Amino acid sequence: MPKVTFKYKKKRLYINLAMAHFWIALAIVALWEDNTIEWYNLGFLLAGTLYFIQFVWDVLYQYLNITDNFIRRNGVFVKKIRIKDITDIEKFAGGYTLKTKHKKLVINTNLVDEASISELETFIEGIRIGEDRYFHLDID
């Protein structure tokens, strides 16, 4: 299976970009009006920069990447689990929780682009759990 990428909804991306523009514009207006650098002006600039970095990160890496061996959810903290280690899948109103012995990965389907949701659901329903995960002890 080649690498499959599930994109964020465009609304989320555009909101982050709009928030970046808003905070940066607010910082520029505050600097223009006061002609002095105050701590809150730097805070506005920092907030705008962080929103812009989040926007660029989301555009480059998108929400979810699935390869032959791994499922990787991108974000501030990247979370990655092996497909063969999945022991349980729980479906809830806004997505899925994939559990392994030591990790838990929550996939929020409200963040996935509408065009990709059916493909994601088909993939998750096709994951086979628990068939060859048990050890057999043969006693002679």
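The structure displayed is predicted, hence computed values, not measured ones.

Q: What is the right way to read the pattern of salt bridges from this model?
A: Two side chains that carry opposite charge are able to pair once their charged atoms sit near each other. With the rule as written, the count across this model stands at four salt bridges. For Glu 114, the salt bridge is made with Lys 9, and the minimal N-O distance between the two is 3.5 Å. Here Lys 9 lies in the loop between β1 (4-6) and α1 (10-34) and Glu 114 lies in helix α3 (residues 114-125), a separation of 105 residues in the sequence. For Glu 114, a relative accessible area of 53% puts it in the exposed group. Owing to a relative accessible area of 24%, Lys 9 belongs among the partly exposed residues under this scheme. Close ionic contact of Lys 99 with Glu 90 constitutes a salt bridge, the shortest N to O distance being 2.9 Å.

Q: Would you mind going over the sheet that holds strand β6 (residues 95-99) with me for this structure?
A: Two pairing modes exist for strands in a sheet, parallel and antiparallel, and in both the strands are linked by backbone hydrogen bonds. Strand order across the open sheet formed by three strands is β5-β6-β7, with antiparallel pairing between neighbours. Every other strand in the sheet has two partners, leaving β5 (88-92) and β7 (104-108) as the edge strands with one partner each. The mean angle between the axes of side-by-side strands here comes to 15°, regardless of whether they run parallel or antiparallel. Strands in contact with α3 are β5, β6 and β7; relative to β6, the strand with the most contacts, it is inclined by about 30°.

Q: I'm lost on the domain arrangement of the chain in this one. Help?
A: Many authors give the size of an interface as the accessible area that is lost as the parts come together. With domains assigned, the chain is organised as domain 1 (4-61) and domain 2 (76-129). In this structure, domain 1 and domain 2 have C-alpha centres spaced 30 Å apart. Of the residues lining the interface, eight residues belong to domain 1; the matching set on domain 2 comes to 10 residues. Across the domain 1 to domain 2 interface the summed buried area is about 790 Å²; carbon plus sulfur atoms make up 62%. Looking only at domain 1, the three residues that lose the most surface to domain 2 are Phe 6, Lys 7 and Lys 9, adding up to 63% of its buried area.

Q: So what exactly am I meant to see when it comes to the UniProt feature "transmembrane region" (unreviewed entry) in the chain here?
A: Sites flagged by UniProt as "transmembrane region" (unreviewed entry) map to residues 12-32 and 44-64. Taken end to end, residues 44-64 is 86% helix and 5% strand, and its two terminal C-alpha atoms sit 30 Å from one another.

Q: What exactly am I supposed to notice about the sheet that holds strand β3 (residues 70-73) here?
A: Pairing is antiparallel across the open sheet formed by four strands, whose spatial order is β1-β2-β3-β4. Edge strands, defined here as strands with exactly one partner in the open sheet, are β1 and β4 (79-82). Within this sheet the neighbouring strands show an average axis-to-axis angle of 15°, counted without direction. Where strand β2 (residues 64-66) meets β3, three bridges bridge the pair, whose relative direction is antiparallel.

Conventions adopted
Residues numbered from 1 in each chain as written. Predicted model: local features only at pLDDT ≥ 70, side-chain atom pairs only at ≥ 80, totals over all residues. Heavy atoms only, no water. Salt bridge = Lys/Arg side-chain N within 4 Å of Asp/Glu carboxyl O. Helix = DSSP H or I, 4+ residues; strand = E, 2+ residues; numbered from the N terminus. Buried < 20%, exposed > 50% of the residue type's maximum accessible area, 1.4 Å probe, protein only. Pairing = 2+ DSSP bridges. Axes fitted to C-alpha atoms, helices over the stretch in contact; angles between N-to-C directions. Contact = heavy atoms within 4.5 Å. Domains from an automatic or database assignment. Buried area = accessible area lost by both parts, 1.4 Å probe. UniProt positions renumbered as here; feature names shortened; annotations may be inferred.

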